[in-house]
Amino acid sequence: MVAEVKPRSLVIVQLSGGNDALNTVIPYGDGLYYDWRKEVRIEQDRVLKINNHLGFNPALRSIKNLWDNEKVAVINGVGYPEPNRSHFRSIDIWNTGESVGIGESGWLGRALREIDPNGENPIAGVNFGKGLPRALSCKGVPVASVSDLENYGLFPDIQGERSRDLALSAFSQIYGSAMAHDNVAQFIGQTGIDALKGADILRTAPAQYSSAVEYANNPIAQSMKSIAQVLTADIGTRVFYTQHGSFDTHAAELDTHTKLWTETSDAIGDFMEDMKEHNLEDDVLVLVWSEFGRRIKDNSAGTDHGSGGTAFVIGGTVNGGLYGDYPSLKETDQLEGDLHFNNDFRSIYSTIAERWLGVDPSIVSNGYFEQHEFISPLAYN
Amino acid sequence: MPENQIELIAHLARRAGFGATREELEEYAGIGYEATVDKLLDTSSPKWMSEYLIRRYHPDESSMLAGLSGLEAWLYRMITTDTPLLEKMTLFWHGIFATGYPKVLNAKPLSDQIRMFKKYAMGDFRNLLVEMAKDPAMIIWLDNQQNHKDSINENFGRELLELFSMGVGNYTEDDVKECARAFTGWTIGNCEYMELRSARDSDWPYGRISWHYEFDANDHDNGEKEFLGRKGTFNGEDIVEIICEQEATARFIARHIYHFFVADEPPVPQWPYQAPRDPEAIDQIVQAYFDNKYDIRSVMKFVFNSDFFKSEDCWYEKVKSPAELVTGVMRLTESVDRPQYEHSSRQLRMQYMGQTLSNPPSVEGWDGGTTWIDTGALVERMNFASEELGRVETPGSNELFNKIAFEGSGDIDADRIVDICLKHLGTINVKDDTRSKLVNYVSKNGVIKVEDQGIDEIGKEKIAGVVKLIASTPEFQRA
Amino acid sequence: MATQGLEQGQSLRYVRTVGMTTMRGRGFYYPIDSAMSNSGRLYVLSRSFERAVSDSMRVTMLNEDGEYYGVFGSAGIGDGQFRWPCGIAINDQNRVFVTDEYLNRVSVFNESGEFLKHWGSGGEIDGMLNGPSGIVFDQDNNVLIADSRNHRIQKFTSDGEFLQSFGEYGNGDGCLNLPWGLGVDQQGEIFVADWGNDRIQRFTPNGEFVAKYGSPGRQEGELIKPAGVIVNQEGYIYVADWGNERVQVFGPDGEFVQKIRGQATNSEWAEDFLGVNVEEAGARERANLEPDIDYFNDDPHEESSHIEKLFWGPVSLMLDSESRLFITETNRHRIQVYERDN
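Description of the structure in this document. (Residues numbered from 1 in each chain as written. Chains lettered and ligands numbered in written order. Predicted model: local features only at pLDDT ≥ 70, side-chain atom pairs only at ≥ 80, totals over all residues. Heavy atoms only, no water.)

**Here's the deal with the pattern of salt bridges**
(1) Moving on: Going through the model one piece at a time under the given rule, you end up with 87 salt bridges over all chains.
(2) Moving on: In this structure, A:Arg134 and A:Asp92 form a salt bridge, with 2.9 Å as the shortest nitrogen-oxygen distance. With A:Arg134 in the loop between strand S6 (125-128) and strand S7 (143-146) and A:Asp92 in helix H3 (residues 87-96), the pair connects residues that are 42 residues apart, well separated along the chain.
(3) Moving on: Among the ionic contacts, a cluster of salt bridges with common partners joins C:Arg16, C:Glu64, C:Asp65, C:Glu268, C:Asp320, C:Glu322 and C:Arg324. (Salt bridge = Lys/Arg side-chain N within 4 Å of Asp/Glu carboxyl O. Helix = DSSP H or I, 4+ residues; strand = E, 2+ residues; numbered from the N terminus.)

Okay, structure coming up:
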């Protein structure tokens, strides 16, 4: 007897704007931190201690709880060679896995293509938010982008169920008959029918969902709730994407950073609680990343664009702990005034691809990268 | 007015512009097809929403801290221009000389580049190529600031030949090197500082600074070059002159024109392996290019008046790009008469449909055709078009209600409603079975009544429903 | 020679630059108007833009030495929030008034930025607003608002009670076209930046037409889309000649006196930034920030986009108690301060 293997899902949380890694996992045991950070810093007594050197920002209380249960892998000093400090470019590098040229497809898009080569499931990948992140884009891979799950689909602005049903039924007839025409009409017709099908499935998710967890009323919490709704509906979605921000804290950093992290951390904490309630804790993995870290030295109101970030991998089966050395704050070890990267972000992708999704890591991460141990290798029979 | 004449002009309006309202089409038909072509080709005094108005209400659309703001300004121009062909030609060249934000990382030079395309879009192709080579955004995009006398960087030289003029297979690797040598020293001013600001995404302390072209004579290779069989101490201008004389250049540009204005071709990388859809048409465009000494306006005049363009075989044989779709829809609503808070979201919707101007997926621009259509993009296209066109309060909708009210009081035939709506939305020719399903929908949705005082709110919502459905048909996706 | 002596005393000399661009917190993001309290505290209103983060749309409080006192306001439609914030003014009780030309309302805050109330609603009839932009208090502590899309000026009490309105759409004397900035002189006469008509118009306190200054063009004394106007104690008229990217000084009778194009230097906050980001400071040092090049269509807007020290989007003018002129520049996110050359 082989136990039925539940499909594993991956949830991406992008902290857009460049999260200040130094004020997220804080080297409070290093006097240099307080030397460099004259204003924009967290005092020792407020840090949530990991060990006698590092600790979480107090806004990450929920993540600290998960950490205490060994469900959080903290990857220090994440980056890539010749760091780029432009948001747009660096996000693109993270999304495509291509740090030199301009990448043509996203790493998650490639992962989805490996999982579902014929694009049979129109909702294998779903973004919660507006537009489609480049990470999900890949030719021939259908993905959906949902800003409001309950009203997702065609004609969301038509009031009244009857009117909308009537329009949708006419739509489906028109697109069905388009298949009888030329090639282009056939293609558009098929795509329209697929879109309708995907929307119908997705929209049913909230009705099937119930949970004791109450998510907060902010965008990241609501996105995590939508993800939980789709995940628990078990409709075949494997990759979920959402983002929160803006972490671009050139000024007013302490207030902004605290607010954003409280929202993000609590949303993830609630989500994991929700997964536990639905017995899915071991089937979901959350990756939290940001395009870059920020300068070591503050500018007295905030911090400017830097390099060397921190990433979290969270889940029931994660081997919790610290991965990679925390970058040194010594002046001689810095990279142009920034944290030096120790871990290529594509090592994370590679680990997730092979050990979590069970697909070819070199295709997903765009090359060969050493893998982390935050997930144990898949057991092959 | 014979309806087929109007339908032909509607085809012209979709290709040489962004479609047109029924009123505009009737006006064009009144002066005749050829006169309409001439009118569209006259780009001497284009008018659009005042730049001052845009600057006043949307400061970021002129100063551009953000990457997308220049596109919002461009979208205003496309929606409000009285000279749509000029914007269409600008889109055309942007698609070929596709330059993207991820490497330039300063929206102002990208926006300046679009204005440059517009200025040279319909003149002598040589001038356009020279200005393109001097364009600061292009220089950074293709690394020409690193193309030095004693260590050439071939990137620009190669793409000039491969993507911007001749196409692969028509020159040697030596030609690429010699071409690159001729463009050494073509760089931007304050290169070190400007590159660093971009690399750091820095708009500090006082916002973005525009870029300017600079010729560094000390870094220019004045030596003799051998290019496409010719010898001389060529500089960039000389290279462009030689390129423009090539048959391969004429063919490559001809196929681009056909692909963009006449009917979808496969994506550019497949061109060396796949014959053109209409080889004879390509030959004719090539001839027009040489006959008119590289004058693009004359070439376009030839194309629009040609039999192959007018032929019904190529009507609707293009999938609208998101830029064309969004612009066309907003023009039909006739609601953009002043700067609007909501404008910013329209540009975003275009992005969600899969096209961010000044951010092509690669140096080869957008593939076009059916690659515009996937499930996510199609949902966005249909929802955007049906939401905007289905708003009952726009001037466009009001005109439609007046037309239906003009039918006289009483219940209006479902057939007639569909007819009027299709004409109203730019004279769309839908397939018979699409049409019958639309009529069926109108019948099921309940009668639309014209009372003495016009159409009531319920009636208007019902008409808006038909419009929404038409805006989401497969036919509406095509131009 | 007396006249010349007077003009000498009236000519402006650059002093310093205040502020810097930042998306939130300490700094400005497309500042569109500024005001000063009795105590010399500056309130700078950041217009930001539609897609930007909510807290980029704000009022920044500071003094001219760069001392920072915090921000208030954000993007949205709730109390104390803005969509298209446009004008800011402070009354004699240090209440801060902000117009919003999208929400058609005026929000009122106390001097530390706590929201008190808002008033106004959209419409065409007297007392209703369509695009309220420029705002200024007159000597009676009543508030004048450029009701721009209604092409008129309206007067209200501080509590928003309608008192009077004048002007209508057109280009004749006393007619207006999208008016923007407003100024009031010592006698209570009202000066209007008649933006769409490329001129300044002067009205009596009761709204009767007195005079008009400027005509469309780029020459001395000509104006393109003026955005702001203010009058000093001697009756000299300062105009934010927005479309020409300059400030012009006119005499009490409208005669041309001086034009300035801007000469910004590093503010305190700019120095902070360059102090931390030393690579940029170095490259900046080595660059020629005043290149000699041709500009697209010879438009000063383009020149300003290339040469950072020049005014770019000079939109609003303010005088302090020492008659120094503060010029807020939207596109360069800073304020240049000029003093009189005595």
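From this point, the discussion proceeds with the structure in view.
**Focus: helix H14 (residues 191-199) of chain B**
(1) Moving on: Here H14(B) has its buried residues at B:Cys191, B:Tyr193, B:Met194, B:Arg197 and B:Ser198.
(2) Moving on: One or two positions beyond H14(B), positive phi appears at B:Asp201, with a value near 55°. (Buried < 20%, exposed > 50% of the residue type's maximum accessible area, 1.4 Å probe, protein only.)

**Focus on the nonpolar core**
(1) Moving on: In this structure, B:Trp93, B:Phe97 and B:Phe125 are the most contacted members of the largest nonpolar core, which totals 204 residues.
(2) Moving on: Ignoring anything within four residues of it in the chain, the contact list for B:Phe97 reads B:Gln113, B:Phe117, B:Phe125, B:Leu128, B:Leu129, B:Met132, B:Met138 and B:Phe164.
(3) Moving on: Counting 64 residues, the second largest nonpolar core, distinct from the first, contains A:Tyr28, A:Leu48, A:Leu66 and A:Trp67. (Core = buried A, V, L, I, M, F, W, Y, C linked by side-chain atoms within 4.5 Å. Contact = heavy atoms within 4.5 Å.)

**Remarks on the interface of chain C and chain B**
(1) Moving on: Counting residues at the interface gives 58 residues for chain C, matched by 44 residues for chain B.
(2) Moving on: Contact between chain C and chain B buries roughly 4,600 Å² in total, counting both sides, with carbon and sulfur atoms accounting for 56%.
(3) Moving on: The largest contributions to the chain C side of the interface with chain B come from C:Glu50, C:Arg51 and C:Glu280, which together make up 15% of the buried area.
(4) Moving on: Counting across the interface, chain C meets chain B through six salt bridges.
(5) Moving on: Here B:Glu192 makes a salt bridge to C:Arg286, at a shortest N to O gap of 2.6 Å. (Buried area = accessible area lost by both parts, 1.4 Å probe.)

**Focus on the packing of helix H2 (residues 268-276) of chain C against helix H3 (residues 278-286) of chain C**
To characterise two packed helices, one gives the angle between the axes of the helices and the distance between these axes.
All names here are of chain C.
(1) Moving on: With their axes 5 Å apart at the nearest point, H2 and H3 run at an angle of 105° to one another. Overall, the two elements H2 and H3 adopt an arrangement that is roughly perpendicular. On H3, the residues touching Phe273, Leu274, Gly275 and Val276 of H2 are Val278, Glu280, Ala281 and Arg284.
(2) Moving on: Taken together, the residues that form the contact of H2 with H3 break down as five nonpolar, one polar and two charged. (Axes fitted to C-alpha atoms, helices over the stretch in contact; angles between N-to-C directions. Parallel < 35°, antiparallel > 145°, perpendicular 65-115°, else oblique. Nonpolar A, V, L, I, M, F, W, Y, C, P; charged D, E, K, R; others polar.)

**Quick notes on the interface of chain C and chain A**
(1) Moving on: Between chain C and chain A, the residue contacts involve 13 residues of the former and 14 residues of the latter.
(2) Moving on: Across the interface of chain C and chain A, roughly 1,000 Å² is buried in total on both sides, 51% from carbon and sulfur atoms.
(3) Moving on: When the area that chain C buries against chain A is broken down by residue, the three leading residues are C:Arg24, C:Arg26 and C:Val276, summing to 50%.
(4) Moving on: At the boundary of chain C with chain A, the tally comes to one salt bridge.
(5) Moving on: Measuring nitrogen to oxygen at the nearest pair gives 2.9 Å for the salt bridge that ties C:Glu279 to A:Arg295.
(6) Moving on: Connecting chain C to chain A are five residue pairs in polar contact (both at pLDDT 80 or more).
(7) Moving on: Looking at which element gives the most residues to the side of chain C that touches chain A, the answer is H2(C), with four residues. (Polar contact = N/O pair within 3.5 Å; in protein donor to acceptor, adjacent residues only side chain to side chain.)

**Quick word on the sheet that holds strand S11 (residues 115-119) of chain C**
Residues and elements named next belong to chain C.
(1) Moving on: Read across the open sheet, the four strands follow the order S8-S9-S10-S11; overall the sheet is antiparallel. Strand pairing shows two members of the sheet lacking a second neighbour, strand S8 (85-90) and S11, which therefore form its edges. Taking the axes of each pair of neighbouring strands and ignoring which way they run, one obtains an average angle of 20° across the sheet. (Pairing = 2+ DSSP bridges.)

**Focus on the sheet that holds strand S3 (residues 48-49) of chain A**
Note on sheets: strands pair through backbone hydrogen bonds, and any given pair is parallel or antiparallel.
Residues and elements named next belong to chain A.
(1) Moving on: Strand order in the open sheet formed by three strands is S2-S4-S3, and the pairing between neighbours is antiparallel. Two strands close off the open sheet at either side, each with one partner strand: strand S2 (25-26) and S3.
(2) Moving on: Pairing analysis gives two bridges linking S2 to strand S4 (residues 55-56), with the strands arranged antiparallel. What sits directly across from Ile26, in S4, is Gly55.

**Some points on the pairing of strand S19 (residues 209-213) of chain C**
Residues and elements named next belong to chain C.
(1) Moving on: Looking at chain direction, strand S18 (residues 199-203) and S19 are connected through four bridges and run antiparallel. Considered in S19, the bridge of Arg202 is made with Ala211.
(2) Moving on: From the end of S18 to the start of S19, which pair antiparallel, there are five residues, and Gly207 there has a positive phi angle of about 90°.

**Here we look at the packing of aromatic side chains**
Centre-to-centre distance and the angle between the planes together describe a pair of aromatic rings.
(1) Moving on: Scanning the entire structure with this criterion turns up 59 aromatic pairs over all chains.
(2) Moving on: Here the aromatic rings of A:Trp94 and A:Trp289 are separated by 4.8 Å at their centres, their planes lie at 10°, and the arrangement is stacked. Pair noted here: A:Trp94 is in helix H3 and A:Trp289 is in strand S9 (residues 284-290), with a separation of 195 residues, a long-range link. The same class applies to A:Trp94 as to A:Trp289, namely buried.
(3) Moving on: An angle of 90° between the planes, with centres 5.1 Å apart, marks the rings of B:Phe97 and B:Phe164 as edge-to-face. Within this pair, whereas B:Phe97 is found in the loop between helix H7 (84-96) and helix H8 (101-104), its partner B:Phe164 is found in the loop between helix H12 (155-162) and helix H13 (173-182), the two being separated by 67 residues in sequence.
(4) Moving on: The exposure class of B:Phe164 is buried, given its relative accessible area of 1%.
(5) Moving on: Here the aromatic residues B:Phe92, B:Trp93, B:Phe97, B:Phe117, B:Phe125, B:Phe164, B:Phe260, B:Phe261, B:Phe304 and B:Phe309 are joined through ring pairs into a cluster of three or more.
(6) Moving on: Just above the ring of A:Tyr28 sits the side chain of A:Lys49; from NZ or CZ to the centre is 5.1 Å. (Phe/Tyr/Trp six-rings, centres within 6.5 Å; stacked < 30°, edge-to-face > 60°. Lys NZ or Arg CZ within 6 Å of the ring centre and 35° of its normal.)

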